[in-house]
2 protein chains.
Amino acid sequence: TRACVESLNYDDWESAVFLEHEKMLTHGYQIRLAVFKWLLMGLVGVSTAIVGAIAHMLIHTIVDFKFSLIKTYVDFCMVDQCMFWLPPLIWILFNCTFVFVASWFTTFVEPATSGSGIPPVKCYLNGIKMPGFVRIRTLFIKVLGIVCSVSGGLAVGKEGPMIHTGAIVASGIAQGLGMRRGSLKGYMDSLRDDKNRREFVAAGGAAGVASAFGTPLGGVLFSIEEGISWWNPTLVWQIFLCAMLAALFLHNLLSLYITKKWQKVMEAVGVAAVTALVGYGLSYSVNICYTSQQPADNFVPSVGKLNSENGSASVPENLVKLDDLTSGHASPYAQMFCPNGSYNAIAAMFFQSAEENVNHWQHGHMGSQFQVGSSFLPSSLVQSGGDLLELGHGKMFFPGKYSLIGAAAHLGGVVRMTLSLTLILVEATSNVKFGLPIMLTLMVAKIVGDHFNKGIYDLHIELEGVPVLNWSPPALLHCVKSRHVMSKPVVTLPPVVKLSNLVETLATCSHHGFPVVEPGTKGLFGKFLGLISWSQLLVLMQKKAFREVMEEGAHLPLSVFKDAYPCHGTVDVGYAFKDFWRHFSHVFISFQKRMFSSKELSYTLDLQPYLNPAPNTVSPEESFPRAYQLFRGLGLRHLVVIDSSQVVGMITRKDLARVT
Amino acid sequence: TRACVESLNYDDWESAVFLEHEKMLTHGYQIRLAVFKWLLMGLVGVSTAIVGAIAHMLIHTIVDFKFSLIKTYVDFCMVDQCMFWLPPLIWILFNCTFVFVASWFTTFVEPATSGSGIPPVKCYLNGIKMPGFVRIRTLFIKVLGIVCSVSGGLAVGKEGPMIHTGAIVASGIAQGLGMRRGSLKGYMDSLRDDKNRREFVAAGGAAGVASAFGTPLGGVLFSIEEGISWWNPTLVWQIFLCAMLAALFLHNLLSLYITKKWQKVMEAVGVAAVTALVGYGLSYSVNICYTSQQPADNFVPSVGKLNSENGSASVPENLVKLDDLTSGHASPYAQMFCPNGSYNAIAAMFFQSAEENVNHWQHGHMGSQFQVGSSFLPSSLVQSGGDLLELGHGKMFFPGKYSLIGAAAHLGGVVRMTLSLTLILVEATSNVKFGLPIMLTLMVAKIVGDHFNKGIYDLHIELEGVPVLNWSPPALLHCVKSRHVMSKPVVTLPPVVKLSNLVETLATCSHHGFPVVEPGTKGLFGKFLGLISWSQLLVLMQKKAFREVMEEGAHLPLSVFKDAYPCHGTVDVGYAFKDFWRHFSHVFISFQKRMFSSKELSYTLDLQPYLNPAPNTVSPEESFPRAYQLFRGLGLRHLVVIDSSQVVGMITRKDLARVT
Ligand SMILES: Nc1ncnc2c1ncn2[C@@H]1O[C@H](COP(=O)(O)OP(=O)(O)OP(=O)(O)O)[C@@H](O)[C@H]1O
Ligand SMILES: Nc1ncnc2c1ncn2[C@@H]1O[C@H](COP(=O)(O)OP(=O)(O)OP(=O)(O)O)[C@@H](O)[C@H]1O
Ligand SMILES: [Mg+2]
Ligand SMILES: [Mg+2]
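Below or above, wherever it landed, is the structure these notes cover. (Residues numbered from 1 in each chain as written. Chains lettered and ligands numbered in written order. Predicted model: local features only at pLDDT ≥ 70, side-chain atom pairs only at ≥ 80, totals over all residues. Heavy atoms only, no water.)

1. Here we look at the environment of Trp13 of chain A
All names here are of chain A. For Trp13, the position within the fold is in the loop between β1 (6-7) and α1 (16-23). The class of Trp13 is buried, set by a relative accessible area of 19%. As a C-alpha pair, Trp13 and Leu611 span 598 residues in sequence and 8.0 Å in three-dimensional space. When near neighbours in sequence (up to four residues on either side) are disregarded, Trp13 contacts Phe18, Leu531, Ile532, Ser533, Gln536, Tyr610, Leu611 and Asn612. (Helix = DSSP H or I, 4+ residues; strand = E, 2+ residues; numbered from the N terminus. Buried < 20%, exposed > 50% of the residue type's maximum accessible area, 1.4 Å probe, protein only. Contact = heavy atoms within 4.5 Å.)

Below is the structure:
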């Protein structure tokens, strides 16, 4: 898989073609473009919410059906004495079918959808595109997979997938799917580059968090924490708009789905179920019954209580109430074996689908871990920690508070996303006063966890062999110079290249950037003229922009390159390119024969209008940490090493990641 | 003033001396250094809290005295019919004296203390050091000034000054005041550079926010928002630790000061006073009386209520209750003209010192504006805005809620610090549900405000002519190249320079960085060897590190340069340097005569061990936006423009700011 991973370029490509295009732009256009981008950001939020709502409704419909089915058989078996095999069998069959469907699709149809979806989003924001990550097909299978696996009773949440879904939606919109026509085309084209797309993916990720947890601010911080090195306040506001719309829309869509009057009852029941889970879960008893109203007064964790209490004080309360809406729904199934009007806590835990139980109290990142964190963590341990923090205030046991801390510690230890997790938890519990203890807990969890291994998402990323760049270069390496990490000899191209030579060069290496140099002497390269990218070369070849057939001084306009964007290795580039890549080294000759006549093979391409004449460069004596910071801080893809205007080496992400 | 503004360098200075030093460091040392830095960060927080507590106690003692004085005279005049001239006269005299003292000290003794102190902190985090900004004397006069002006009844808050105070404390600690001895010296020296100092100043600013508003998370975001281009998660955690300790310590110190039993009463009274201010302020009546308990049940703004209500639910509640503690104190003065047990709202507004009134409900950035925002903003206007947001929920008028929105809008319009302000307001009101409307309000306020002018701090900065660099370069300027903005001809130095020549060079220009080049031919410079800074040259001259008197191959160790740090233009560099700078162009000859013998003037200095051999450079064809991003993103001070290993120009912050 490693060969398919590609880097993104966050830098401007200041070719002559680009500058010519920029000269035609006015400041009025810039303003309209900015407005347009804001609108698109809003669209991303709304679309993410719609996808999320659809997934949610599907899950609920299926789970509804599943439990009414099992309830029927339970009632039937009460009479018929088949209790010990029939309902469990149906339950197992039902679940297995759905889990099988989910597994089959993710494994065989689109492997990019496996896992939570957070690692590829993290990679993308770090500057690496995983194969298939933002394809539309990935979106469909992701939604299918999550619907089936949650309905099938797997202890997974739809949170990670929602983040991935948001990213796919955003990427599609940034690419201008279906919008690149008429007067919109110009605006869309201006947004078609890695930089803007990465900003949209960040917004999409935030929208995903917002619609999964109902926490727009937490979503914003998630994107910032993962894509930190290149943010600015305008972008943060755009991401915020996107996340806020996602949360609002999801809420309203679900309100339409779930009838209003159910809400109040379910809220109380849900709170009761959670209370039971948290407070009594440790007893492992199978048959604890309680009535639905009483716990709401006595045992309700203060966390959950706030939602329903502070009605008049809360301004966008309906937004935060998302939690109640999306999960209170589950109550009827928890009645099992209990008299009417009271509910079975442990039954709820097993039969109610982990996702619903847990979501109610807190949309945990990963259902199962959250559940473990909240109910199985030895409460004595947590409590002693709580005493230290001067919790309690006279009363001795608040299951909600301690299990919130326990859950935070557990989650923090697993995902290590400390900053955004704090805000997500604070926002989800609607209580800013938990901010400090949560942050302290997460800090300790991270320090302790980092002592042993990396976070779960970072481990995933490491397993895939993705060259992610950390915040800062390793310490004490100032004596390592650029020349120690650079690749040489460099594969270069002349400013005017013969097609047959170009084809041969591309066939013999898999690089994505080539320094263009004047013909040199004595084994040295000539003057460095600029950098040309692999994707630009592909476009030039496909458009057959030969010097011999074009007018003197003419060149392809910028829009041709925008049309071909994103021209990454394996995807999205239309048949010819895909084919080109697939047959790269093996059947290249046949491809070549099919595409170009032998006359065309002797034609030349003029690269000068398209190359980036002054990319960021380093000297071979510049230290490794400096090159690292340059590369990471400015989001580069290629760094040309130049010694006295002589190209001597090439540094890419992989070279830097290797040293780390 | 402009000449005194100096830039900071956030980059590593990888001279041979530095590399030699680094070779001696082990990874164990790195870890100990990291721990030491964490401890220092904590120390910054605690120290800031102590300074804040002292200022607070002084203010309260003086205000206590002032009002007991006036109350005495009011009681006396009730009988004596001197009501219309004696108490006002005493009030005016008292206030004028204090305001005069404050004005005199800030104007004549240390002008750097004038203003809120936020603009210089912003500048510092942007990479510019204002003269006198972090001097210890500034700290004392700042505290004196704020005590006197608040006691004098000026409508100012101690929030801005607290931020400045935190920055000064942090800078002093980072510099190692009193700690550079024994085994600590090595660690302290490792932290003595612009990069670490800027991180400490960021932490100090956050601690200032935290101790002014009681909002550690808001403080963290303040520092991030202002110093954004160079943060990373570790730093954020350190800042958080610092801010949290500041808030906690300030709270505990004030608890010691104010007896516990007063707290409960004052809380209720304070809430009542605020309620009156907000709800009835518009009526302009002078004599509204109410009893102290009733409003707490009926009219208390939900905002204020939360603090006292959610006691059992709040974990670090004592932290957030800071508000109550620091301001509830003021109640007795508000009784004026009312029967015992009830209090005068409007008297409170005038006599209670604006700071106390306003602080109670919300530690506003600038007392007066906040007050205007909360009480004088037409409530009908705010309410219609509220209706749009679906506020209200059946009840029609919540003064607290609307005035919070109004105040947020007003504050946002004035300061335009949107992200951190949101978190500060949310944290101060302890209600995360206000996050969204506040953020929306601030967004609108910023958009509308930016349409007319800049924010107040940015205006201050602009008036001072400080070359602050914005987030991103102006749009549509890719056709501007580095050669268009660079300075030429460049003042360079040879690798081995004769003292008399060096002295002459320094006397004829005021640059702070000099490219070192090999002797050239035909009016061209020779090979570029590296960059040497003005402060290094000063150290070399002061230490008389002549080649002729030092052993072959010997050079000054790194610690000598660390001792001299910060070697900025006018300050902190010991007598000789200060003198050197002051007499720069005028009396240079006399200085020169005093310091060097004529024999020494013919000696030479070897610059090679000290220069930075491979700083970031650009080619003259690299575009202006690219150079800008490089400069801003990596926090550089000098950018050398190189064409074919030939130095052709110099770009500094001022060159970039000029184009903007
Ligand atoms: N034009 C080139 N000439 C020589 N070596 C190169 C060139 N481009 C890249 N390399 C080197 O080849 C190795 C693999 O680079 P890689 O193929 O990943 O670059 P890329 O494909 O251009 O970038 P990426 O895959 O990250 O998008 C790296 O060590 C890199 O330094
Ligand atoms: N060595 C140099 N030779 C020629 N011009 C220079 C040199 N250094 C700086 N300049 C130019 O002088 C002008 C003023 O620069 P300035 O004196 O502010 O630089 P500096 O003092 O080194 O940096 P700062 O004042 O920001 O710390 C700028 O236009 C800059 O480009
Ligand atoms: Mg590659
Ligand atoms: Mg200067």
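2. Topic: the site of ligand 2
Residues and elements named next belong to chain B. In the vicinity of ligand 2 there are 19 residues, among which Ser7, Ser487, His512, His638 and Asp655 approach most closely. Here an oxygen atom of ligand 2 and a side-chain polar atom of Ser487 are 2.5 Å apart. At 2.8 Å from an oxygen atom of ligand 2 is found a side-chain nitrogen or oxygen belonging to Arg637. Looking at the shell around ligand 2, the elements that each hand over two or more residues are β1 (6-7), β6 (513-517), β11 (646-652) and α32 (653-659). (Near = heavy atom within 4 Å. Polar contact = N/O pair within 3.5 Å; in protein donor to acceptor, adjacent residues only side chain to side chain.)

3. Concerning the site of ligand 1
All names here are of chain A. Contacts to ligand 1 come from 19 residues, most closely from Ser7, Ser487, His512, His638 and Asp655. Backbone polar atom of Met650 to an oxygen atom of ligand 1: 3.3 Å apart, as the coordinates give it. With the chains in place, 92% of the 600 Å² that ligand 1 exposes on its own is no longer accessible. Put simply, the parts of the chain that give the shell around ligand 1 at least two residues each are β1, β6 (513-517), β11 (646-652) and α32 (653-659). Grouping the constituent residues of the shell around ligand 1 by class yields six nonpolar, eight polar and five charged. (Areas by Shrake-Rupley, 256 points an atom, 1.4 Å probe, with all protein chains shown as cover. Nonpolar A, V, L, I, M, F, W, Y, C, P; charged D, E, K, R; others polar.)

4. Structural notes on the packing of aromatic side chains
Per the counting criterion, the structure on display carries 22 aromatic pairs over all chains. Relative to Tyr187 of chain A, the ring of Tyr29 of chain A has its centre 5.1 Å away and its plane inclined at 5 degrees; by these criteria the two rings are stacked. Here the residue Tyr29 of chain A occupies a position in helix α2 (residues 27-80), and Tyr187 of chain A occupies one in helix α7 (residues 184-191), the gap between them amounting to 158 residues. Its relative accessible area of 14% is what places Tyr187 of chain A among the buried residues. Centre to centre, the rings of Phe36 of chain B and Tyr187 of chain B are 5.6 Å apart; their planes meet at 40 degrees, and the pair counts as tilted. Here Phe36 of chain B is found in helix α2 (residues 27-80), whereas its partner Tyr187 of chain B is found in helix α7 (residues 184-191), with 151 residues between them in sequence. Among the aromatic residues, ring-to-ring pairing joins Tyr29, Phe36 and Tyr187 of chain A into one connected group. A cation sits over an aromatic face here: Lys195 of chain A above Tyr10 of chain A, 5.7 Å from the ring centre. The ring of Trp471 of chain A has Arg632 of chain A lying over it, and the distance from NZ or CZ to the ring centre is 4.8 Å. (Phe/Tyr/Trp six-rings, centres within 6.5 Å; stacked < 30°, edge-to-face > 60°. Lys NZ or Arg CZ within 6 Å of the ring centre and 35° of its normal.)

5. Focus on the side chain of Ser623 of chain A
With respect to the helices, strands and loops of the structure, Ser623 of chain A is situated in the loop between β9 (617-618) and α31 (624-634). Reaching out from Ser623 of chain A, the side chain makes a polar contact with the side chain of Glu14 of chain B at a distance of 2.3 Å. When residues no more than four places from it in sequence are discounted, the contact partners of Ser623 of chain A are His478, Val480, Lys481 and Ser482 of chain A together with Glu14 of chain B.

6. As for the pairing of β11 of chain B
Residue and element names in this part refer to chain B. The buried fraction of β11 is high, at five of seven residues. Bridge count for strand β10 (residues 638-643) against β11 is six bridges, and the pairing is antiparallel. Among the inter-strand pairings, Val641 is bridged to a residue of β11, identified as Gly649. Counted along the chain from β10 to the antiparallel partner β11, the turn is two residues long, and its residue Ser644 has a positive phi close to 50 degrees. (Pairing = 2+ DSSP bridges.)

7. Some remarks on the nonpolar core
Residues Phe240 of chain A together with Phe240 of chain B are the most contacted members of the largest nonpolar core, which totals 188 residues. Non-local contacts of Phe240 of chain A, meaning those with residues more than four positions away in its chain, are made with Leu217 and Val220 of chain A together with Leu436, Met439, Leu440 and Met443 of chain B. (Core = buried A, V, L, I, M, F, W, Y, C linked by side-chain atoms within 4.5 Å.)

8. Looking at the sheet that holds strand β9 (residues 617-618) of chain B
Residue and element names in this part refer to chain B. With mixed pairing, the three strands of this open sheet are ordered in space as β9-β10-β11. Two strands close off the open sheet at either side, each with one partner strand: β9 and β11. Note: β9 against β10, two bridges, orientation parallel. Pairing of Val618 across the sheet is with Val641, part of β10. On the sheet, helix α31 (residues 624-634) packs against β9, β10 and β11 and is oriented at approximately 140 degrees with respect to β10. (Axes fitted to C-alpha atoms, helices over the stretch in contact; angles between N-to-C directions.)

9. A word on the pattern of salt bridges
Residue and element names in this part refer to chain A. The tally for this structure, following the rule as stated, stands at 26 salt bridges over all chains. Salt-bridge contacts for Lys544 lead to Glu600; the nearest nitrogen and oxygen are separated by 3.3 Å. Taken as a pair, Lys544 in the loop between α26 (534-542) and α27 (558-564) and Glu600 in helix α30 (residues 598-601) lie far apart in primary sequence, 56 residues in all. Take Lys544: its relative accessible area is 30%, and that puts it in the partly exposed class. (Salt bridge = Lys/Arg side-chain N within 4 Å of Asp/Glu carboxyl O.)

10. Focus on the environment of Leu177 of chain B
Residues and elements named next belong to chain B. Tracing the backbone shows Leu177 in the loop between α6 (159-175) and α7. Note: C-alpha distance between Leu177 and Met188 (eleven residues apart in sequence) is 9.5 Å. Not counting the four nearest positions on each side in its chain, Leu177 is found in contact with Ile136 and Gly172.

11. Brief notes about the packing of helix α10 (residues 233-257) of chain A against helix α22 (residues 435-452) of chain B
At a closest axis distance of 12 Å, the pairing of α10 of chain A and α22 of chain B adopts a crossing angle of 135 degrees. Judged on the interaxial angle alone, α22 of chain B and α10 of chain A are oblique. Regarding α10 of chain A and α22 of chain B, the two cross each other, and that crossing is left-handed. Residues Trp237, Phe240 and Met244 of chain A of α10 of chain A touch α22 of chain B, and the partners they reach there are Leu436, Met439, Leu440 and Met443 of chain B. Among the residues making up the contact of α10 of chain A with α22 of chain B, the classes are represented as seven nonpolar, no polar and no charged. (Parallel < 35°, antiparallel > 145°, perpendicular 65-115°, else oblique. Left-handed = near helix turned anticlockwise from the far one by under 90°.)

12. Some remarks on the pairing of β10 of chain B
β10 of chain B sits mainly inside the fold: five of its six residues count as buried. One crossover worth recording links β9 of chain B to the parallel β10 of chain B by way of α31 of chain B, and it is right-handed. (Right-handed = clockwise from strand over helix to strand, strands pointing away.)

13. Looking at unusual backbone geometry
Going from Lys488 of chain A to Pro489 of chain A, the amide bond is cis rather than trans, its omega being 0 degrees. Relative to the helices and strands, Pro489 of chain A resides in the loop between α24 (482-485) and β5 (496-498). The backbone phi angle of Leu476 of chain A is positive, close to 55 degrees, even though this residue is not glycine. Topologically, Leu476 of chain A is positioned in the loop between α23 (456-463) and α24. The phi dihedral of Lys544 of chain B falls on the positive side, at around 50 degrees, and the residue is not glycine.

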